[in-house]
Amino acid sequence: MADTTRRQALAAATIGAAAAALSRSASAQTTTGPQARGGKQDPRSKYPKPPFKAQSQPWPGLAGQMDPRPDHGETSYVGSGRLNGRKALITGGDSGMGRAAAIAYAREGADVAINYLPEEEPDAREVVDLIRKAGRNAVAIPGDLRTAAFCRDLVSKAVSGLGGLDIVVCNAARQQSIPSILDVSDDEFDRTMKTNIYAPFWIIRAALPHLEPGSVIIGTASEQAYDPSPDLYAYAQTKAATMNYVKSLAKQLGPKGIRVNGVAPGPIWTPLQISGGAQQGKVVTFGATSPLGRPGQPAELAGIYVRLAEEDGSYTTGNIYGAGGGQGQP
Ligand code: NAD
Ligand code: MG
């Protein structure tokens, strides 16, 4: 059996188990979980909906300790060679959207380097194992993105570990919910700017000399770029900046054959939200105001990160792709 076919068969066989595990973790409700590709599913009941158990973890939080555990496509994503031979660096690749992208990229045939904070090692180990199980090269590069020196080092380690680089996903972010601007400290503001705005600048600047025509850069923006919440003063403006750099860089790098796009998620069930990104009360009702009645799961964005990286998307640049759950953004 060809590698891809075997992976597809294995993935299909475990889909039932995935659905069962997800239903168990949200035992108070009926969720169908992800099913075999090609079928039709009610998006309202596919995944857990609020009320969720009250929970909080110290920043940056671990996906492995969330209840219910987020779905990053571990048992459901099926690849079909859409990124064969590609080489990707993903920041925040241990959990959330970054992890969903890492799993999907590996199953689509890419080698993947992930960056994350040292305290996220347990989540990162799981991702490294999943990338290797997909038969691809995994490079783990822990470290704090808030200095130019580390960002340069990260790119150089990714290039040497992967033997090149042609997909750069700037996805890591700091988000803290603080109701009043009077309580936003200089340190918090600086931390948010360094992680969300400076790090992509430093990483892209270091990566560019390695990116040949056909390479892509993807930034994770947010619905917050368009419709900011009152308690996300610092964070929301960084997401507007992300949306903006995607558009300016696409114009600058198009002539070099490099595409630049962004992903704008709505409310997604990830560690960022339960480690200060949302107020406790909002964790319990997280996603309740979405027209689908629930938050999204990282797995529901995996296909967007693939689409923006793959050759089929060759005319897509300077664009922001949403998975907003119906609130109208982007
Ligand atoms: P997440 O907590 O799983 O991922 C965020 C990651 O950022 C962490 O895993 C961590 O590795 C990384 N990070 C934070 N500070 C860092 C630092 N100083 N150095 C290195 N790494 C650092 O949460 P997520 O929701 O998947 O977040 C991924 C992206 O999605 C972010 O850009 C976030 O703004 C965006 N987003 C999330 C939502 C949502 O509702 N969860 C909505 C819109 C946009
Ligand atoms: Mg994490």
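Report on the accompanying structure.

What counts and what doesn't
Residue numbers restart at each chain and count upward from 1, following the sequence in its written direction. By the order in which they are written, chains take letters starting at A while ligands take numbers starting at 1. Given that the model is predicted, a residue must reach a pLDDT of at least 70 before its local features are reported, and side-chain atom pairs must reach 80 or more before they are shown or counted; all residues, however, enter totals for whole chains, interfaces and linings. Put simply, DSSP marks the helices as runs of H or I at least four residues long and the strands as runs of E at least two long, and each gets a number from the N terminus on. Note that the radius of gyration is over C-alpha atoms, with the globule rule given as 2.2 Å times the number of residues to the power 0.38. Backbone-placed C-beta atoms define the burial measure: a residue is buried with 20 or more other C-beta atoms within 10 Å of its own, exposed with 12 or fewer, and partly exposed in between. Here, any two strands with at least 2 DSSP bridges between them count as paired. Lines fitted to C-alpha atoms define the axes, with helix axes restricted to the stretch in contact, and inter-axis angles between N-to-C directions lie between 0 and 180 degrees. By the convention adopted here, residues make contact when the C-beta atoms placed from their backbones lie within 7 Å. As used in this record, a residue near a molecule or strand is one whose C-beta atom, placed from the backbone, is within 6 Å of it. Expected helix span is computed as 1.5 Å times (number of residues minus one). We define the bend at each residue as the angle formed by axes fitted to the 7 residues ending at it and the 7 residues starting at it. Seen with its strands pointing away from the viewer, a crossover is right-handed when the path leading from the first strand over the helix to the second is clockwise. To sort the angles, those under 35 degrees are grouped as roughly parallel, those over 145 as roughly antiparallel, those from 65 to 115 as roughly perpendicular, and the leftovers as oblique. What makes a crossing left-handed is the near helix being turned counterclockwise from the far one by less than a right angle; a clockwise turn instead makes it right-handed. Residues are grouped as follows: Ala, Val, Leu, Ile, Met, Phe, Trp, Tyr, Cys and Pro are nonpolar; Asp, Glu, Lys and Arg are charged; all remaining types, including Gly, are polar. The nonpolar core is taken to be a set of buried Ala, Val, Leu, Ile, Met, Phe, Trp, Tyr and Cys residues joined by way of C-beta atoms within 7 Å.

1. Quick notes on the overall build of the protein chain
Consideration 1: Each helix and strand counted, the protein chain has 9 helices and 7 strands in total.
Consideration 2: Its C-alpha atoms give the protein chain a radius of gyration of 19 Å, within 12% of the compact-globule value 20 Å for 330 residues.
Consideration 3: Expressed as lengths along the three principal axes of its C-alpha atoms, the size of the protein chain is roughly 60 × 50 × 35 Å.
Consideration 4: Looking at the protein chain residue by residue over its 330 residues, the buried ones come to 50%.

2. Let's talk about unusual backbone geometry
Consideration 1: For the peptide bond that leads from Trp59 to Pro60, omega is 5 degrees, which places it in the cis range.
Consideration 2: Checked against the element boundaries, Pro60 lands in the loop between helix H1 (3-25) and strand S1 (87-91).
Consideration 3: Residue Gln329 is joined to Pro330 through a cis peptide bond whose omega torsion reads -5 degrees.

3. Regarding the sheet that holds strand S5 (residues 216-220)
Consideration 1: The strand order across the open sheet built from 7 strands is S3-S2-S1-S4-S5-S6-S7, with neighbouring strands paired in parallel fashion. With one partner strand each, in any of the chains shown, strand S3 (138-142) and strand S7 (320-323) form the two edges of the open sheet. Taking the axes of each pair of neighbouring strands and ignoring which way they run, one obtains an average angle of 15 degrees across the sheet.
Consideration 2: Of the strand pairs in this sheet, S1 and strand S2 (residues 111-116) are connected by 5 bridges, and their pairing is parallel. In the sheet register, Leu89 faces S2, and the bridge partner there is Ala113.
Consideration 3: The strands touched by helix H5 (residues 186-207) within the sheet are strand S4 (167-170) and S5, with S4 carrying the most contacts at an inclination of about 170 degrees.
Consideration 4: Here helix H9 (residues 302-309) sits on the sheet in contact with S4, S5, strand S6 (259-265) and S7, set at roughly 150 degrees to S5.

4. Quick notes on the site of ligand 1
Consideration 1: Lining the immediate environment of ligand 1, one finds 31 residues, of which Gly92, Ser95, Gly96, Ala173 and Leu272 sit closest.
Consideration 2: Breaking the shell around ligand 1 down by element, the ones donating at least two residues are helix H2 (96-107) and helix H7 (271-277).

5. Regarding the environment of Ala221
Consideration 1: With respect to the helices and strands, Ala221 occurs in the loop between S5 and helix H6 (233-253).
Consideration 2: Contact partners of Ala221, with chain neighbours within four places excluded, come to Lys239, Thr242, Met243, Val246, Gly262, Val263, Ala264 and Ile320.

6. What about H5?
Consideration 1: With 22 residues, H5 should reach 32 Å at 1.5 Å per residue; the first-to-last C-alpha distance of 30 Å fits that figure.
Consideration 2: Residue Tyr198 marks the point of greatest curvature in H5, where the axis turns by about 40 degrees; the proline Pro200 follows within four residues.
Consideration 3: Contacts made by the buried residues of H5 are with helix H4 (148-162), S4, S5 and H6.

7. Some words on the pairing of S5
The side chains of a regular strand alternate between the sheet's two faces.
Consideration 1: Taken across its 5 residues, S5 has 5 buried, putting it largely inside the fold.
Consideration 2: Inspection of the sheet shows S4 paired to S5 by 4 bridges, in the parallel sense. For Val168, the partnering residue across the bridge sits in S5 and is Ile217.
Consideration 3: Running through H5, the crossover from S4 to the neighbouring parallel element S5 is right-handed.
Consideration 4: Bridge analysis of S5 against S6 gives 5 bridges, and the strand direction is parallel. In the sheet register, Gly219 faces S6, and the bridge partner there is Gly262.
Consideration 5: Considered for its hand, the β-α-β crossover made up of S5, H6 and S6 is right-handed.

8. Concerning the environment of Thr316
Consideration 1: Relative to the elements of secondary structure, Thr316 occurs in the loop between H9 and S7.
Consideration 2: For Thr316, a count of 16 C-beta atoms within 10 Å corresponds to the partly exposed category.
Consideration 3: Distance in space between the C-alpha atoms of Thr316 and Asp231 is 33 Å, their sequence separation being 85 residues.

9. Section: the packing of H2 against helix H3 (residues 121-133)
Consideration 1: Where H2 meets H3, the closest approach of the two axes is 8 Å, and the angle between their N-to-C directions is 15 degrees. In terms of their interaxial angle, H2 and H3 are classed as roughly parallel. Read as a crossing pair, H2 and H3 show a hand that is right-handed. Along the contact surface, H2 presents Arg99, Ala102, Ile103 and Ala106, while H3 presents Val127, Leu130 and Ile131.
Consideration 2: Residues belonging to the contact of H2 with H3 are distributed by class as follows: 6 nonpolar, no polar and 1 charged.

10. Some remarks on the pairing of S3
Consideration 1: When S2 meets S3, the two strands line up parallel, connected through 5 bridges. Of the residues in S3, the one forming a bridge with Tyr116 is Pro142.
Consideration 2: The handedness of the S2 to S3 crossover, carried by H3, is right-handed.

11. Concerning the nonpolar core
Consideration 1: Ranked by size, the top nonpolar core spans 81 residues in total, and within it Val112, Ile203 and Tyr305 carry the most contacts.
Consideration 2: When residues in this core are grouped by element, the largest group, 8 residues, is from H2.
Consideration 3: The contacts of Tyr305, once residues within four sequence positions are left out, are Ala101, Ala104, Val169, Ile218 and Val263.

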